[in-house]
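Spelled out from the first residue to the last, the chains are:
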Amino acid sequence: MQKFKIQKLVAAALITLCANACSSHSKDVIAPTNNTPCDVSNVTYSLKILPIISNNCYSCHGNGNTSGGIILEGYDNIKIQADNGNLKGVITHAPGYPAMPLDKPMLSDCDINTITAWINDGAPNN
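Residues numbered from 1 in each chain as written. Predicted model: local features only at pLDDT ≥ 70, side-chain atom pairs only at ≥ 80, totals over all residues. Heavy atoms only, no water.

Peer 1: I tried to follow the state of the cysteines on my own but got confused; where do I start?
Peer 2: By definition, a disulfide links the sulfur atoms of two cysteines through a covalent bond. Across all of its chains, the model carries one disulfide by this definition. A sulfur-sulfur separation of 2.1 Å characterises the disulfide bridge that pairs Cys 38 with Cys 110. Note on the Cys 38 and Cys 110 pair: the S-S dihedral is about 85°, so by sign convention the disulfide is right-handed. In this pair, Cys 38 is assigned in the loop between helix H1 (2-23) and helix H2 (45-61) and Cys 110 in helix H5 (residues 109-120), connecting sequence segments 72 residues apart. (Disulfide = S-S within 2.5 Å. Helix = DSSP H or I, 4+ residues; strand = E, 2+ residues; numbered from the N terminus.)

Okay, structure coming up:
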């Protein structure tokens, strides 16, 4: 009888630990959502960053649109936002930054990791 009670307590503790681990996600740790590989080596502005930004941001921050006074059209404008930390802050939904893209799903983990790798590499115009 005592052994059964101990097994139940251990099982309950494990379930509680697992539930707590699964419910508290850190925004600094991005878990993959699928098994698609995401290559963040040799990230280039022209081949990787520009398509992500144009497809997800230009409706509000490009093509003549300047929502919030932010323009992301053109390398120089994107570089400003990369260098001041705003680009990474908004796409990772970091505290103190507006979550972007506004009223749309968060960028994919791969897109976020790609942009982050580019920023960490100095946001080169390549």
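Peer 1: I'm lost on the packing of aromatic side chains in this one. Help?
Peer 2: The relative placement of two aromatic rings is captured by the distance of their centres and the angle of their planes. The full count for this structure, using the stated rule, is two aromatic pairs. Each ring, one from Tyr 45 and one from Tyr 75, has its centre 5.1 Å from the other, and the planes form 80°; the classification is edge-to-face. Here Tyr 45 is found in helix H2, whereas its partner Tyr 75 is found in helix H3 (residues 75-83), with 30 residues between them in sequence. Exposure class is identical for Tyr 45 and Tyr 75. Each is buried. Through successive ring pairs, a cluster of aromatic residues spans Tyr 45, Tyr 75 and Trp 118. (Phe/Tyr/Trp six-rings, centres within 6.5 Å; stacked < 30°, edge-to-face > 60°. Buried < 20%, exposed > 50% of the residue type's maximum accessible area, 1.4 Å probe, protein only.)

Peer 1: Sorry if this is basic, but what is going on with H2 here?
Peer 2: An α-helix turns once per 3.6 residues; consequently, residues spaced three or four apart project the same way. Taking 1.5 Å of rise per residue, the 17 residues of H2 would be expected to cover 24 Å, yet its terminal C-alpha atoms sit only 17 Å apart, more than 12% below that figure. The largest bend in H2 amounts to roughly 45° and is located at Asn 55. Every buried residue of H2 is listed here: Tyr 45, Ile 49, Ile 52, Ile 53, Cys 57, Tyr 58 and His 61. Its buried side turned inward, H2 meets H3, helix H4 (86-91) and H5. In this structure Thr 44 caps H2, since a side-chain oxygen of it lies 3.2 Å from the backbone nitrogen of Leu 47. Once H2 finishes, Asn 63 follows within two positions and takes phi at roughly 55°, a positive value. (Expected span 1.5 Å × (residues − 1). Bend = angle between axes of the 7 residues up to and from the residue. Contact = heavy atoms within 4.5 Å. Polar contact = N/O pair within 3.5 Å; in protein donor to acceptor, adjacent residues only side chain to side chain.)

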